[in-house]
Amino acid sequence: MYAIIRTGAHQLKVTPGSVATVPGTVAEPGAKVTLEDVLLVEKDGGEVLTGAPFVANAKIHAVVEGEARGPKIRVFKKKRRKGSRNTKGHRAIYTRVRITEITV
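Conventions we followed
Throughout this description, residue numbers start from 1 for each chain and increase along the sequence as written. Residue-level local features of this predicted model are given only where pLDDT is at least 70; pairs of side-chain atoms are given and counted only at 80 or more, and the full residue set underlies all totals for whole chains, interfaces and linings. Remark: hydrogens and water are excluded; side-chain values derive from all non-hydrogen atoms of the structure. The secondary structure listing takes helices from DSSP runs of H or I that are at least 4 residues long and strands from runs of E that are at least 2 residues long, numbered from the N terminus. Buried means the residue's accessible area, taken with a 1.4 Å probe over protein chains only, is under 20% of the maximum for its type, while exposed means over 50%, and partly exposed covers the values in between. Criterion used throughout: strands pair if DSSP finds at least two bridges between them. Axis geometry follows a simple rule: fit a line to the C-alpha atoms, using only the stretch in contact for helices, then measure angles between N-to-C directions, giving values from 0 to 180 degrees.

S.K.: Looking at this structure, how should I read the environment of Ala 52?
M.R.: With respect to the helices and strands, the residue Ala 52 is situated in the loop between strand S6 (48–50) and strand S7 (59–69). The exposure class of Ala 52 is exposed, given its relative accessible area of 79%. Taking the C-alpha atoms as reference points, Ala 52 and Leu 39, separated by 13 residues in sequence, lie 7.8 Å from one another.

S.K.: I would appreciate a short explanation of the sheet that holds strand S4 (residues 32–35) in the present structure.
M.R.: Backbone-to-backbone hydrogen bonds pair the strands of a sheet. The strands run either parallel or antiparallel. In space, the four strands of this open sheet follow the order S3-S10-S7-S4, with antiparallel pairing throughout. Whereas interior strands pair on both sides, the edge strands pair on one side only; in this sheet they are strand S3 (19–23) and S4. Neighbour-to-neighbour, the strand axes of this sheet turn through a mean angle of 45 degrees, independent of strand direction. As defined by bridge partners, S4 adjoins S7 across four bridges and the pair is classed as antiparallel. Counterpart to Val 33 in the pairing with S7 is Ala 62.

See the structure below:
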């Protein structure tokens, strides 16, 4: 059994027991969360449920494991012939969640 969920601007394939990386801060570590943006569910018998855009009554139950930070991205801006240069850095925060159950 697996499901495809929408998190932010990304789509993730999750299975019970797997660890998913969700952008942003969802909750405190150890908290139970429910993800409801389920786009597709494939049951064990091979039956596929699709949504328009979401599957009705489908929920993903998960437990927050912790937070992590993504790679550092450098933003460099320059205006030629002006002597103007500007460098900034950015690191996105991600939350690791362990999928416990998929309900339909």
